[in-house]
Amino acid sequence: MSPFDRVDPDRLRSGFGVKWGSLPPDTLGAWVADMDFGIPPVVRDRMLEVIERGDLGYPFWTGEDPVVTAFQDRMATRFGWAPTEGRTRVFTDLIQILQVMIETTTEPGDGVAIHVPTYPPFLASIVRAGRRVVPIPMVDTGSRWGFDTSGLRDCRLLVLVNPHNPTGRVFTRAELEALAGAGDMVVLTDEIHADLTYPSFVHTPFASLGPDVARRTVTATSATKAFNLAAMRCAVAHIGPDHLKAKLDAAPLDIFGQPSILGRVATVAAWREGDAWLAGLLNQLTGNRRMVTEWASGSFHPPEATYLAWLRLGVDAGTVERRAKVKLSPGAEFSAPTEVNTQDFVRLNLATSPDILREILDRLQECLEWADTSDLVTK
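Let us look at the structure shown here. Residue positions are counted from 1 within each chain, in the order its sequence is given. Note on the predicted model: pLDDT of at least 70 is required for a residue's local features to be given, and 80 or more for side-chain atom pairs to be given and counted; whole-chain, interface and lining totals, by contrast, use all residues. Excluding hydrogens and water, the side-chain values take into account all heavy atoms of the structure.

**Concerning the pattern of salt bridges**
Worth spelling out the cut-off: What counts as a salt bridge is simple: a side-chain nitrogen of Lys or Arg found within 4 Å of a carboxyl oxygen of Asp or Glu. The helix and strand labels rest on DSSP assignments: H or I over at least four residues marks a helix, E over at least two residues marks a strand, and numbering proceeds from the N terminus. When a residue's accessible area, from a 1.4 Å probe over protein chains only, is under 20% of the maximum for its type it is buried; when over 50% it is exposed; and in between it is partly exposed.
According to the stated counting rule, one finds 28 salt bridges in the structure shown. Here Asp-242 and Arg-87 are joined by a salt bridge, their closest N and O atoms 2.4 Å apart. With a gap of 155 residues between them, Asp-242 in helix H9 (residues 242–250) and Arg-87 in the loop between helix H4 (66–79) and strand S2 (88–91) connect regions that are remote in the sequence. Taking relative accessible area as the criterion, Asp-242 reaches 52% and is therefore assigned exposed. You can call Arg-87 buried: its relative accessible area is 18%. Across the pair Arg-215 and Asp-212 runs a salt bridge whose closest N-O atoms are separated by 2.2 Å. Residues joined by salt bridges that share partners form a network here, namely Arg-74, Arg-78, Asp-195 and Asp-275.

**Things to note about the sheet that holds strand S11 (residues 308–311)**
Stated formally: For two strands to pair, DSSP has to find at least two bridges joining them.
A sheet is described by the order of its strands in space; here three strands give the open sequence S11-S14-S13, paired in antiparallel fashion. Because the sheet does not close on itself, it has two edges, and the strands there are S11 and strand S13 (329–330). Two strands pair when backbone bridges link them, and S13 and strand S14 (residues 346–349) are joined in this way by two bridges, in the antiparallel orientation. The residue bridging Ser-329 from the neighbouring strand is Arg-347, located in S14.

**A word on a nonpolar patch on the surface**
Here is the rule: Every patch collects residues that have over 30% relative accessible area and no salt bridge, joining them within 9 Å if they carry like charges and within 5 Å if they are nonpolar side chains (Val, Leu, Ile, Met, Phe, Trp, Tyr). Residue burial considers only the protein chains on display, and all accessible areas are found by Shrake-Rupley using a 1.4 Å probe.
Together, Leu-48, Ile-51 and Leu-56 make up an exposed nonpolar region whose accessible area comes to about 270 Å². Within the secondary structure layout, Leu-56 lies in the loop between helix H3 (41–52) and H4. Judged by relative accessible area, Leu-56 falls into the exposed class, the value being 54%.

**Some points on the sheet that holds S2**
The following threshold applies: Geometry is summarised by axes, namely lines fitted to C-alpha atoms with helices restricted to the contacting stretch, and by angles between N-to-C directions that run from 0 to 180 degrees. Any pair of residues with heavy atoms lying within 4.5 Å of one another is described as a contacting pair.
Ordered by their spatial adjacency, seven strands build an open sheet running S2-S10-S9-S8-S7-S3-S4, and the pairing between neighbours is mixed. Lying at the two open borders of the sheet, with one neighbouring strand each, are S2 and strand S4 (132–137). Across the sheet, the axes of successive neighbouring strands diverge by a mean angle of 20°, strand direction being ignored. Pairing of strand S3 (residues 111–116) with S4, which is carried by six bridges, proceeds in the parallel orientation. Each residue of the ladder has a partner; that of Ala-113, found in S4, is Val-134. Across the sheet, helix H6 (residues 120–128) lies against S3, S4, strand S7 (155–161) and strand S8 (186–190), angled at about 165° from S3, the strand it touches most.

**A word on the packing of aromatic side chains**
Put simply, the rule is: Pairing of aromatic side chains here covers Phe, Tyr and the six-membered ring of Trp, requires ring centres within 6.5 Å, and sorts the geometry by plane angle: under 30 degrees stacked, over 60 edge-to-face, intermediate tilted.
A complete count under the given rule lists eleven aromatic pairs for this structure. Their ring planes at 45° and their centres at 6.3 Å tell us that Phe-71 and Trp-271 sit as a pair that is tilted. Linking Phe-71 in helix H4 with Trp-271 in helix H10 (residues 261–273), this pair joins segments that are 200 residues apart in sequence. The exposure classification of Phe-71 matches that of Trp-271, with both residues buried. A centroid spacing of 5.0 Å and a plane angle of 5° characterise the contact between Trp-310 and Phe-345, whose relative ring orientation is stacked.

**Considering H4**
Test applied: Here, expected helix span is obtained from the residue count minus one, scaled by 1.5 Å. Any pair of nitrogen or oxygen atoms within 3.5 Å is treated as a polar contact; in protein, a donor-acceptor pairing is required on top of that, and neighbouring residues in sequence qualify only through side-chain atoms on both sides.
The first and last C-alpha atoms of H4 sit 19 Å apart over 14 residues, in line with the 20 Å expected at 1.5 Å per residue. Listing the buried residues of H4 in full gives Val-67, Val-68, Ala-70, Phe-71, Gln-72, Arg-74, Met-75 and Phe-79. Where H4 is buried, its residues touch S2, strand S9 (217–221), strand S10 (235–239), H10 and helix H11 (275–296). In this structure Asp-65 caps H4, since a side-chain oxygen of it lies 2.9 Å from the backbone nitrogen of Val-67. Gly-80 sits one or two residues past H4 and shows a positive phi near 70°.

**Observations regarding the pairing of S7**
Just so we agree on the cut-off: By convention, a crossover is right-handed whenever its connection, traced from the first strand over the helix to the second and viewed with the strands pointing away, goes clockwise.
A large share of S7 lies buried, amounting to six of its seven residues. Relative to S7, S3 runs parallel, the two being bridged by four bridges. Along S7, the bridge assignment pairs Ile-114 with Val-159. In terms of strand pairing, S7 meets S8 through five bridges, oriented parallel. Of the residues in S8, the one forming a bridge with Leu-160 is Thr-189. Tracing the backbone out of S7, into helix H7 (residues 173–180) and back to the parallel element S8 gives a crossover that is right-handed.

What follows is the structure in structure tokens.
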């Protein structure tokens, strides 16, 4: 039996994860973007080796940081991009990287461009830093989600989430080149979902577009999304701009903190030894994606990457939670505080076992039928 065929909800509810642990016993979790599948066995084994040695002191390694070398090797072998030596730094997570880049590349009042809808904490980070969110609205072209690049000339920073959360788009090379030509700004590209790209789609690292683009690109990623390691708090950023690298090098030594030994060990194990597990995961996610697509009957665009479905459900997430006992991510959160209207949408996390996903969809269907008779569905 595949490790992805069955999931024990009691295991999920009894732990410390917010996705299930924060919910009532009768509610199914399909919101927070982590998976129900546990972790790769090889990652567990490597962490247990560290624990059994009692090796939880201050991190030390000889030579280059093993997280950095694992990142460089993975980018070169899996995505055909060779990061420049000496320009990769280890952080705790993508939110930290975003906040650091906002503070070091922009000033209060500056415009920060980002595709909308987008990951809500990114929007919150920009706003709380006193910068202006300049939305690049995602537009339904009829066959997929697209966008245009107008209105970006006055921005100091572009935050590019590729593959895109929540629509699941894998941007084409032509789309990325259009963004690269939209203005001479620093680009922070969040590529954390790259390993979750489905067959027939190709992830293109933004920094691989050419030397000029690479020199103004910060590439951020982590093993946490594809290998279900969010609590390990370990991420990397490859710093292309010289002036930005100089600022970071001159910063106080410990201002950015340090990921733990376990975070580093888990990351290296995932990137160097976890691909067989990842292949099985992608096979399961492909089946789950098909199930959601068939249920939606053509009313949404299947994700090209990620395990997230961006659905125009017509019933708000609060109603779904109360009536169907399914927790989804409210669409409005993915566009606040911009003028882009996503209130008719929800984000559904499909990274669970087929039986749980089927139960989720059955509950959603019953909720939609009830709402239709109650005249609550948006017309």
